[in-house]
Amino acid sequence: MEAKNEAPNVRAMYPRLLQFGVSYGDMERMSRKTTDWPSFTSLMQNLAEKWEEAGDAALNSGRLQTPREHWRHATDYYHYAQLRTPESLLKEKLRSASRRCYSKLATVLDRPPVRCDIPFQSTLLPGYLRVAYPGAPCVILIGGLDSSKEVELHYFAEIFLNRSCSVFYFDGPGQGELLGQVPIAGGFEKSVANAISFLTADARVRPASIGCFGVSFGGHLACRAAASDPRISACISIGGFFDSRILERLPPIASAAVRKACGVSEQGDMSEIAHQITLEPLRGQMKCPLLIVHGTEDHLVDMAQIDAMKDWASGPVETMVLDGSEHVCSDRFHECLPFMGDWMADLLMQQNKSSVAM
């Protein structure tokens, strides 16, 4: 747990938060008023409540575009209000508020996200489906430990949706709505397989080709899924890693998040699950094209991890290494996101054409 009197480095969060829906003006005002992380949480929560109320009022006045914008802010602000808060009732309240606002937002979006709950073991995988057109290629998106399907994955999904790909973004084991219920470590790829079976059977989708995208821990999981399921035709990992050596670099809040996601107690030994967080057992199985996006100033994932991923993959591997960029390259999204979108769409469209020709 971080001390309440910690001097917060709010500016270090600018690239991520500005990319994912927080306005520059609001960030500047919060930066001046924030004295510690609890005050940041409170300021962000107050703004989220303001945006949610403004969206509700605008809809009651008969508008659509205005509540779309206000509820988008509310969804993002509630999510980031909980980002630096330790696990608590407040953190879960803010997460739930973000999901509530996204449910409102979904009703007024073009190509609206459709809530889908996919059976998996003894639970359901909650996710959102957005269809470009029936039969379009589909990209499955997998989030990291502190990302949200309603926020980061929503924005990433639009990169592919705007390139005529359908998208499905969801919470797998240890993520989002399933956090603390089903552990993330070991077998995550089975949840992706269930999602693929759902998509290929659904008349709204039935894609001829499927891609997989993952960010941070999700990049590692996307590689696991693509190596385990030949139905995946292309894979992107941004900020992903090869094995559990990165756990040693995690800050306290991130380490606590890993423990909860993996079902390890606060006092438990992380070595219990470290052997499960590695791509090594799937060596030789990754046949589809893999794109690895990495920043050289990533404080969690070093180049040794990237080299290990490249050596591990059996199919074509392309890397986009951005000099001086941070973890998941959020400070260079304007460069890497269009490239990733084009790379994925081109490969999946080629696969679609091959399937039609056959």
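Below, the structure is looked at part by part. (Residues numbered from 1 in each chain as written. Predicted model: local features only at pLDDT ≥ 70, side-chain atom pairs only at ≥ 80, totals over all residues. Heavy atoms only, no water.)

Notes on the side chain of Glu189
Under the convention used in this document: Strands here mean DSSP runs of E at least two residues long; helices mean DSSP runs of H or I at least four residues long; both are numbered from the N terminus. Pairs of N or O atoms are called polar contacts if they sit within 3.5 Å, as long as, within protein, a hydrogen donor faces a hydrogen acceptor (for residues adjacent in sequence, only side-chain-to-side-chain pairs). Throughout, a residue-residue contact means that at least one pair of heavy atoms, one from each residue, lies within 4.5 Å.
Positionally, Glu189 belongs in helix 7 (residues 188-201). Looking at Glu189, its side chain comes within polar contact range of the side chain of Arg224, at 3.0 Å. Leaving out residues up to four positions away in the same chain, Glu189 has contacts with Arg224, Ala225 and Ser228.

Here's the deal with the state of the cysteines
Chemically, a disulfide is nothing more than a covalent bond linking the sulfur atoms of two cysteines. Definition in use: The term disulfide is used for any two cysteine sulfur atoms that are within 2.5 Å. Burial status follows relative accessibility: with a 1.4 Å probe on protein chains alone, a residue under 20% of its type maximum counts as buried, one over 50% as exposed, and anything between as partly exposed.
Going through the model one piece at a time under the given rule, you end up with 0 disulfides. In this model Cys165 remains outside any disulfide bridge; the closest cysteine sulfur is found in Cys138, 8.2 Å from its own. A residue is classified by how much of its surface remains accessible, and Cys165, at 0% relative accessible area, is buried.

Description of the sheet that holds strand 1 (residues 114-120)
The test is simple: Paired strands are those between which DSSP finds at least two bridges. The axes are straight lines fitted to the C-alpha atoms, using for helices just the contacting stretch, and the angles between their N-to-C directions are given from 0 to 180°.
Strand order in this open sheet of 8 strands is 1-2-4-3-5-6-7-8, and the pairing throughout is mixed. Each having just a single partner strand, strand 1 and strand 8 (317-322) make up the two edges of the open sheet. For this sheet the average axis-to-axis angle between neighbouring strands, irrespective of direction, equals 20°. Pairing between strand 6 (residues 232-238) and strand 7 (residues 290-295): 4 bridges, direction parallel. From the neighbouring strand, Ile238 faces strand 7, where its bridge partner is Val293. Together, strand 1, strand 2 (123-130), strand 3 (138-142), strand 4 (166-170), strand 5 (210-215) and strand 6 form the strand contacts of helix 7, whose direction differs from that of strand 1 by roughly 125°. Sheet strands in contact with helix 11 (residues 303-312) are strand 6, strand 7 and strand 8, and its direction is about 175° off that of strand 7.

Re the pattern of salt bridges
As a reminder, the rule being used: By definition here, a salt bridge exists when the distance from a side-chain nitrogen of Lys or Arg to a carboxyl oxygen of Asp or Glu is within 4 Å.
Tallied over the entire structure, the rule returns 27 salt bridges. Across the pair Arg29 and Asp26 runs a salt bridge, and its minimum N-O distance is 2.7 Å. Separated by 3 residues within a single helix, Arg29 and Asp26 lie in helix 2 (residues 24-33), roughly one turn from each other. Take Arg29: its relative accessible area is 43%, and that puts it in the partly exposed class. Of the charged contacts, one joins Arg224 and Glu189 as a salt bridge, the two residues approaching to 3.0 Å between their closest N and O atoms.

Notes on the pairing of strand 6
Note the cut-off: By definition, the crossover connecting two strands over a helix is right-handed if that path, from the first strand to the second, turns clockwise as seen with the strands pointing away from the viewer.
Across the 7 residues of strand 6, 7 count as buried, placing the element largely inside the fold. Across 6 bridges, strand 5 lies against strand 6 in parallel orientation. Residue Gly214 lies in a different strand from strand 6, and its bridge partner there is Ser237. With helix 8 (residues 217-228) bridging strand 5 and its parallel neighbour strand 6, the resulting β-α-β unit is right-handed.

As for unusual backbone geometry
Positive phi is not limited to glycine here, since Val328 has a value of about 55°. Among the secondary structure elements, Val328 is positioned in the loop between strand 8 and helix 12 (333-357). Residue Cys329 is not a glycine yet carries a positive backbone phi of 60°. Secondary-structure assignment places Cys329 in the loop between strand 8 and helix 12. Looking at Cys329, the relative accessible area reads 0%, which means it is buried.

Observations regarding the pairing of strand 5
Two faces, one strand: in a regular strand the side chains alternate between the faces of the sheet. Burial of strand 5 is extensive: 6 of the 6 residues sit out of reach of the surface. Burial along strand 5 is two-sided: the face carrying Ile210, Cys212 and Gly214 and the face carrying Gly211, Phe213 and Val215 are both buried. Bridge count for strand 3 against strand 5 is 5 bridges, and the pairing is parallel. The partner of Cys138 across the bridge, within strand 5, is Ile210.

Quick look at the nonpolar core
Heads up, the rule is: To form a nonpolar core, buried Ala, Val, Leu, Ile, Met, Phe, Trp, Tyr and Cys residues must be joined to one another through side-chain atoms within 4.5 Å.
Core analysis: the biggest nonpolar cluster contains 61 residues, and Met44, Leu141, Phe213, Ile238 and Cys336 have the highest contact counts within it. Tallying contributions element by element places helix 12 first for this core, with 8 residues. Sequence-distant contacts of Cys336, defined by excluding residues within four places in its chain, comprise Ile238, Val293, Met320, Leu322 and Cys329. Counting 56 residues, the second-largest nonpolar core is a separate cluster that includes Phe170, Leu221, Leu247 and Ala308.

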